[in-house]
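# Coordinates in review
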Amino acid sequence: MCGIVGYIGGQQAAPVLLDGLAKLEYRGYDSTGMAVYDGREIRMVKATGRLKVLDALTKGGSTLSGTAGIGHTRWATHGSPTDTNAHPHFNGSASIAVVHNGIIENYQKLKKKLENRGYQFVSETDTEVVAHLLDRYYTGSPLEAIAKVMHRMEGSYALGIMFRDHPDEIYAVRKDSPLIVGKSSQGNLIASDVPAILKYTRSVYFMENEEIAKLSRDSITFYNIDEEELVKEPSEISWDISAAEKGGYDYFMMKAIYEQPKAVADTMSPRIRDSRIVLDELGMSDEEIAQISKIYIVACGSAYHAGVTGKYVLEGMARIPVEVDLASEFRYRNPILDTQTLVIVISQSGETADSLAALREAKTRGSRVLGIVNVVGSSIAREADHVLYTWAGPEISVATTKAYSTQLVALYLLAMKFSSVRGTISEAEFTSMLEALQQLPRQVEFLLGSQERIQKFANRYLAADHIFFIGRGLDYAISLEGSLKLKEISYIHSEAYAAGELKHGTISLIEEGTLVVAVLTQEELYPKMLSNIQEVRTRGAFVMAVANANHADLEKNADYVIYLPEINPYFTNSLAVIPLQLFAYYVALGRGLDVDKPRNLAKSVTVE
Ligand code: AGP
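### Focus on a negative patch on the surface
Taken together, the side chains of Glu210, Asp226, Glu227 and Glu228 make up a negatively charged region of the molecular surface. Checked against the element boundaries, Glu228 lands in the loop between β13 (220-224) and β14 (229-230).

### Considerations on the side chain of Lys417
Structurally, the position occupied by Lys417 is in helix α13 (residues 402-422). It turns out Lys417 is buried and unbridged, and the closest side chain with the opposite charge, Asp286, is 4.5 Å from it. A polar contact is formed between the side chain of Lys417 and the backbone oxygen of Ile277, at a distance of 3.5 Å.

### Structural notes on empty space enclosed by the protein
To find leftover empty space, one rolls a probe the size of a water molecule over the atoms. On inspection of all chains with the given rule, the structure shows four cavities of 30 Å³ or more. Empty space within the second largest cavity amounts to approximately 50 Å³. Forming the boundary of the second largest cavity are 10 residues, of which Phe252, Ala256, Glu259, Pro394 and Ile396 lie nearest the centre. Considering each element in turn, the lining of the second largest cavity owes the most residues, three residues, to helix α6 (residues 252-258). Across the lining of the second largest cavity, the residue classes break down as five nonpolar, one polar and four charged.

### Digging into helix α9 (residues 301-318)
Relative to the 26 Å expected for 18 residues at 1.5 Å per residue, α9 spans 25 Å between its end C-alpha atoms, a close match to the ideal helical length. Phi turns positive, to about 55°, at Arg319, one or two residues after α9.

### As for the site of the ligand
Not every one of the 14 residues close to the ligand is listed here, only the nearest: Ser347, Gln348, Ser349, Thr352 and Glu488. For the ligand, an oxygen atom lies 3.1 Å from a polar atom in the backbone of Ser302. Ser349 places a polar side-chain atom, nitrogen or oxygen, 2.7 Å from an oxygen atom of the ligand. Contact with the protein chains covers 91% of the free accessible surface of the ligand, which is 410 Å². In this structure the site holding the ligand corresponds to the second largest pocket.

### Describing the pattern of salt bridges
Between side chains of opposite charge, a pair can form as their charged atoms come close. Enumeration according to the criterion identifies 27 salt bridges in this entry. Of the charged contacts, one joins Glu41 and Arg164 as a salt bridge, the two residues approaching to 3.0 Å between their closest N and O atoms. With a gap of 123 residues between them, Glu41 in the loop between β2 (31-37) and β3 (42-48) and Arg164 in the loop between β7 (155-163) and β8 (170-175) connect regions that are remote in the sequence. Given the relative accessible area of 23%, Arg164 is considered partly exposed. Across the pair Arg50 and Asp594 runs a salt bridge, and its minimum N-O distance is 3.2 Å. On the criterion of sequence distance, the pair formed by Arg50 in the loop between β3 and α2 (51-57) and Asp594 in the segment after α18 (573-590) is long-range, its members being 544 residues apart. Its relative accessible area of 23% is what places Asp594 among the partly exposed residues. A cluster of three or more residues bridged by salt bridges with shared partners is formed by Lys175, Asp176, Arg360 and Glu383.

### Observations concerning the layout of surface pockets
In this structure, the largest pocket occupies an estimated 860 Å³ of space. Within the residue set of the lining of the largest pocket, elements represented by two or more residues are β15 (235-236) and α7 (260-268). When residues of the lining of the largest pocket are assigned to their parent elements, the largest contribution, three residues, is made by α7. For the lining of the largest pocket, a count of residues per class yields 19 nonpolar, 12 polar and 12 charged. By volume, the second largest pocket is sized at about 540 Å³. Mapped by element, the contributors of at least two residues to the lining of the second largest pocket are α9, β20 (341-347), α11 (353-364) and α16 (474-490). Top contributing element to the lining of the second largest pocket by residue count: α9, with three residues. For the lining of the second largest pocket, the per-class residue count stands at 10 nonpolar, 11 polar and three charged.

### Topic: helix α4 (residues 127-137)
Counting buried positions over the 11 residues of α4 gives nine, a clear majority of the element. Among all positions in α4, only Thr127, Glu128, Val129, Val130, Ala131, His132, Leu133, Leu134 and Tyr137 are buried. Contacts from the buried residues of α4 go to β5 (89-90), β6 (96-104), α3 (107-116), α5 (142-152) and β7.

Conventions we followed
Residues numbered from 1 in each chain as written. Predicted model: local features only at pLDDT ≥ 70, side-chain atom pairs only at ≥ 80, totals over all residues. Heavy atoms only, no water. Patch = residues over 30% accessible without salt bridge, like charges linked within 9 Å, V, L, I, M, F, W, Y side chains within 5 Å. Areas by Shrake-Rupley, 256 points an atom, 1.4 Å probe, with all protein chains shown as cover. Salt bridge = Lys/Arg side-chain N within 4 Å of Asp/Glu carboxyl O. Lys, Arg positive; Asp, Glu negative; His and termini not counted. Charge placed at Lys NZ, Arg CZ, Asp CG, Glu CD. Helix = DSSP H or I, 4+ residues; strand = E, 2+ residues; numbered from the N terminus. Buried < 20%, exposed > 50% of the residue type's maximum accessible area, 1.4 Å probe, protein only. Polar contact = N/O pair within 3.5 Å; in protein donor to acceptor, adjacent residues only side chain to side chain. 1 Å grid on protein atoms, 1.4 Å probe; cavity = no way out; pocket = protein on both sides within 12 Å on 5 of 7 lines; lining within 4 Å. Points joined across faces, edges and corners; volume = space filled by probe spheres on them. Nonpolar A, V, L, I, M, F, W, Y, C, P; charged D, E, K, R; others polar. Expected span 1.5 Å × (residues − 1). Near = heavy atom within 4 Å. Sits in = over half its atoms within 2 Å of the grid points. Contact = heavy atoms within 4.5 Å.

Note that every value here comes from positions in space, so none of it alone points to a role or purpose.
The structure is reproduced here in structure tokens:
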């Protein structure tokens, strides 16, 4: 995934582009670049490394003069991170400049054809093909050339384009990769995501697939692929700017961890009215809910882990069979779906290519698709039949925390709605669950108070090579998430294991001093978990236990215990995740790593 910005207006463009790119670095940060029209030529500067390299090269943008430009921050897909592969890319005569987010899937074929026509390439990227293709079809009309190129490209693209002959315009094109257009008093902008332009405007157009935008200094015009003008209405963004800034925290991740009580409350409160759960956005009548024969939950990474929690909760409460699948597996295994199957696609960004592809696969097989998505207007949100938005607000750090927690809440609400419609839980059980659910924000807040204690404990494991997470049932689901959090930001190898499965092989890896994090919140499984803790301790493991507060005896059986406030057993993942997030954060911090931008990762993986 990459980040794109563009600006045309009365101000110098380069500083505006740098400012926008700084808000998009979470989308990819292995190389950056800008192109600005200086009155005669399109001047370009690009470099491997983080945005600060480009900032220094251009002295904060001052060496690139001009009031129209495009910029890019890259997460390499085709071609390693080098200056040459960095965006923007030129055609041969440097009269066309392009920045791109996505993958042109038929780029080799197009490149071959262009080479046969004498075009010469300098980079390994698919994006450079777009620049030369535009050159091939450009006869004076940018719109016509763009439309012709769109007809020939396959794959996903969000493009920012400049034409030297049209210095008072920049162009934006969108297919499957997000792209927005902003209208402001200082000029008009394009960007991959809202935080990049929030400083200049709250009036934003979300581009749809196969739309083209032409931006001049004082106008914005939209067209479809047939070059017909379109009328679009802008959306008003309600986020405040601080929501997209660090707000005094060292890292966006810690800010998001501390925003969880609010994110959880914001996601549930609007949907609880007069002690009922109201999910109008589901678009499903009670009859349709009663007819659901099976649910598939499909997602990637942490969203998949939320789906595993969803399985236990939906099956336990609503007694509907639930299958959870990795999106990248689901779409290639010829899934058995029908019109009675509800497919739930969970995605924070709403742009994950595997999850989007799985959504399309489900729709072609006639199933209703519900999106659980955090980014309004994202591809998955717009292509799902219905969307249950998680109101976590913008999540900037690559490792998800608050968005994941709101995904759990969305699944709880769904399970309670379905179970009350299908009559699988009593009125009394429903009321008790609702009360427990509404306690969640306060209990999460309470657990955040254990930050210092967890930091001290985490500092003992900065040099660990392997850390294991074990649990049963819902505690296995949260172990998956705890393990991924640790891996992705601390780079320590970790595995999550169903505790009952450990003895079937993996226990051979447990040795003196190995840290095992045992989650035991499911009371009916508590005795079994105690046995599993004994199994690993007798083999030398050091055990950190996460359990309900009523088990003071646990300190005889574990070396370090985090107690959780009492809550309905279905909702314990929302509490257990807090110490696991804090643990991962402090291990990464103690190892001196960039918590928000872990190596090799990007916030949303828009490539398969
Ligand atoms: C989670 O911390 C990771 N950054 C990653 O696993 C992420 O959850 C996954 O890529 C799915 O992203 P999505 O929710 O935006 O679809």
